[in-house]
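Overview (structure and organization)
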Amino acid sequence: MRLHYDQATEDFRAELRAWLEANRPQPEEMSREPSQSSAHLPPWARTWQRRLFDAGWLVPGWPPELGGRNATPVQQMVYFEEFAGSRLPRALNPQGLSIVTPSLIDFGSEEQKQRFALPSLRAEITWCLGMSEPGAGSDLAGLSTRAELADDGFVVNGQKVWTSGAQHADYCLCFVRTDPDAPKHKGISVLIVDMRSPGITIRPLPQLTDPKQADFNEVFFASVVVPRENLLGPLHGGWSIAGGSLAHERGMLWIDQASSLERTVGRFIELAAQALPDGRRLADNAVVRDQLAQLYIDAQALKFMGYHGFATFARQHVSPEHSVLKLFGTELERRLFLTMTEALGAAAIDVSTPTGRRARDEGPTAVRYLRSFAGTIAAGTSEIQRNIIAERVLGLPRR
Ligand SMILES: Cc1cc2nc3c(=O)[nH]c(=O)nc-3n(C[C@H](O)[C@H](O)[C@H](O)COP(=O)(O)OP(=O)(O)OC[C@H]3O[C@@H](n4cnc5c(N)ncnc54)[C@H](O)[C@@H]3O)c2cc1C
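Predicted, not measured: the structure shown is a model, and the values here were computed from it.

Turning our eyes to something else, we now look at the packing of helix α7 (residues 253-273) against helix α9 (residues 321-344). Relative to each other, α7 and α9 sit at 20°, their axes nearing to 10 Å. On the basis of the axis angle, α7 is roughly parallel to α9. Crossing geometry of α7 relative to α9 is assigned as left-handed. When α7 is examined against α9, the residues W254, Q257, A258, L261, T264, V265 and F268 are found in contact with a partner set consisting of L325, G329, L332, E333, L336 and M340. Among the residues forming the contact of α7 with α9, the class breakdown is nine nonpolar, three polar and one charged.

Right, let's talk about the domain arrangement of the chain for a bit. Domain annotation of the chain identifies domain 1 (7-92), domain 2 (127-240) and domain 3 (251-393). Taken together, the eight residues of domain 1 in the interface contact seven residues of domain 3. Each residue belonging to the side of domain 1 that touches domain 3 can be placed in one class, and the counts come to five nonpolar, two polar and one charged.

The subject of this paragraph is the pairing of strand β5 (residues 188-194). Burial analysis of β5 places six of its seven residues in the buried class, which makes it a mostly covered element. Bridge count between β5 and strand β8 (residues 231-232): two bridges; the pairing is antiparallel. Considered in β8, the bridge of V190 is made with L232.

A separate point is the nonpolar core. Soluble, globular proteins show a tendency: their nonpolar side chains are buried together. Among the nonpolar cores identified, the biggest contains 86 residues, and W127, V156, C172, L173, C174, L191 and V193 are the most heavily contacted of them. Per-element tally for this core: the top contributor is α9, with ten residues. Excluding residues within four positions of it along the chain, C174 makes contact with G130, V190, L191 and V193.

Moving on: the site of the ligand. Within the structure, the ligand sits among 17 residues, and M131, G137, S138, T381 and E383 are positioned closest to it. At the level of secondary structure, the elements contributing two or more residues to the shell around the ligand comprise β1 (127-130) and α11 (382-393). Of the residues contributing to the shell around the ligand, the split by class is eight nonpolar, eight polar and one charged. If you count residues domain by domain, the shell around the ligand takes at least three from each of domain 2 (127-240) and domain 3 (251-393).

Right, let's get into the confidence of the model for the chain. Looking at the chain as a whole, its pLDDT mean stands at 90, while 92% of the residues score no less than 70. Predicted confidence is poor over residues 353-360, with pLDDT under 50, and the contacts of this stretch with residues over four places away or in other chains come to 16 contacts.

With respect to the secondary-structure elements, F220 resides in strand β7 (residues 216-226). On the basis of neighbour count, F220 is assigned to the partly exposed category, with 17 C-beta atoms found within 10 Å. Distance in space between the C-alpha atoms of F220 and G68 is 37 Å, their sequence separation being 152 residues. Look past the residues within four positions of F220 in its chain and what remains in contact with it is Q159 and T201.

What follows is about the environment of D106. Counting through the fold element by element, D106 comes out in helix α4 (residues 94-107). C-beta crowding within 10 Å serves as the criterion here: with 16 such atoms nearby, D106 is assigned to the partly exposed category. As for D106 and G233, which are separated by 127 residues in sequence, their C-alpha atoms are 9.0 Å apart.

Leave glycine aside and you will find that most residues have negative phi; peptide bonds, for their part, are mostly trans. Unusually for a residue other than glycine, R87 sits at a positive phi of about 60°. Residue position: R87 is located in the loop between α3 (73-86) and α4. Of the residues examined, R87 has 11 C-beta atoms within 10 Å and is grouped as exposed. The backbone of A123 sits at a positive phi, close to 65°, despite the residue not being glycine.

What counts, and at which threshold
Along each chain, residue indices are assigned from 1 in the same order as the chain's sequence is written. The model is predicted, so local features are restricted to residues of pLDDT at least 70 and side-chain atom pairs to those at 80 or more, both for listing and for counting; the totals for chains, interfaces and linings are taken over all residues. Note on definitions: angles span 0 to 180 degrees between N-to-C directions of axes, and those axes are lines fitted to C-alpha atoms, for helices only across the stretch in contact. Under the DSSP-based scheme used, a helix requires at least four consecutive residues in state H or I and a strand at least two consecutive residues in state E, with every element numbered from the N terminus. Any angle that falls under 35 degrees is termed roughly parallel, while one over 145 is termed roughly antiparallel, one within 65 to 115 roughly perpendicular, and all others oblique. Handedness of a crossing is defined here by the sense of rotation of the near helix relative to the far one, left-handed for an anticlockwise turn of less than a right angle and right-handed for a clockwise turn. Residues are scored as being in contact if the C-beta atoms we place from backbone atoms lie within 7 Å. Polar here means any residue other than Ala, Val, Leu, Ile, Met, Phe, Trp, Tyr, Cys and Pro, which are nonpolar, and Asp, Glu, Lys and Arg, which are charged; Gly is therefore polar. Domain start and stop positions are those given by an automatic or database domain assignment. Buried, partly exposed and exposed are defined by the number of other C-beta atoms within 10 Å of a residue's own C-beta, namely 20 or more, between the two limits, and 12 or fewer respectively, with C-beta atoms placed from the backbone. For two strands to be treated as a pair, DSSP must find at least two bridges joining them. In plain words, the nonpolar core is the set of buried Ala, Val, Leu, Ile, Met, Phe, Trp, Tyr and Cys residues that C-beta atoms within 7 Å link up. Placing the C-beta atom from the backbone, one calls a residue near a molecule or strand if that atom lies within 6 Å of it. For every residue, the predictor reports its confidence as pLDDT, a number between 0 and 100.

Next up, the structure:
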């Protein structure tokens, strides 16, 4: 089987490659300043995102008035492949670009699009996503943060948790309960909350993988006033926005993941052929050879399953394969780093080995293993994906 694209798609790819080559941030521009959190990249990414937006390369599938170029679905997939290969980020605030902004475009008023969506695309404002609560994660509809409508707007009381990058965000897309008497899916609304509002307290949660950097936060709301015009979509109609936001998150995630897994398996193969600091060569170990072959096969399988899912999505605009991809990709990542950590032994934590480069994407193998659990939880846990696959892909009865 030979997979190839038509000439128009290859022309699109060539145009993007040439643009990236001519415009990519230079090493001196990419300051040594680290990311503030997984949700906020270093300051140079602001200028880079703006450059992409101005050239129509930030959101190519969108119309020109939103900074796009009406790229077809296949061109968009090529776009994401090229970006994954270039290893450049697209956005200062990835959640803001890939989850919040599409929700603002889909559900916002014209005024909200001008006030919030376009400045987000231009990297002028950043966002966090206020969904999860101590008592509402997988069961998001069980959220209990209350918003009561008063004369001067909504008054919000409650708590969010695991809010990525809240301490650096300008705004929060916040899911709140506005009708406590309605069935739980029907009493939820979405508010755009200014994170500088009086009554908000943010407590960063230190992490095992890097105690100096907090990706997550607890966010407390004590009688926070939110202007009425900051309601996104209809009052009590927030559940469909939740579904829409999560769909945006799932959309093209697999491309980045498949590309990063393929790269890491490749690096593992290279490493296996070299002598480790203790003199061992992993390629001499029959069990590791076997594991490597399986990881390589699985990484390829993920990529081709992704193409298959994409083809279904492009035709029907729904693709239950997304759950299979999410589950398989994130579990494969965890298995890959566990295998590497076990095989490398002490070298998995040694920052002076080739595995120990300090960039976020290439930290010590053991740390990457610890981080790999995040993917199996965020955007729907592995257990929830299995439920979805059982019910919607296999058609098994609901339990
Ligand atoms: C890296 C990362 C970034 C995140 N960023 C954000 C963010 O910015 N904003 C935000 O709002 N949230 C964020 N989250 C939170 C994330 O959405 C939740 O962690 C996730 O939805 C799971 O909810 P929970 O942690 O409350 O676990 P729970 O829902 O309490 O689940 C606990 C365990 O029970 C299992 N379980 C639950 N229900 C079922 C079921 N029906 N069947 C079988 N098993 C089940 C789960 O799989 C899990 O193993 C982030 C999480 C991570 C890891």
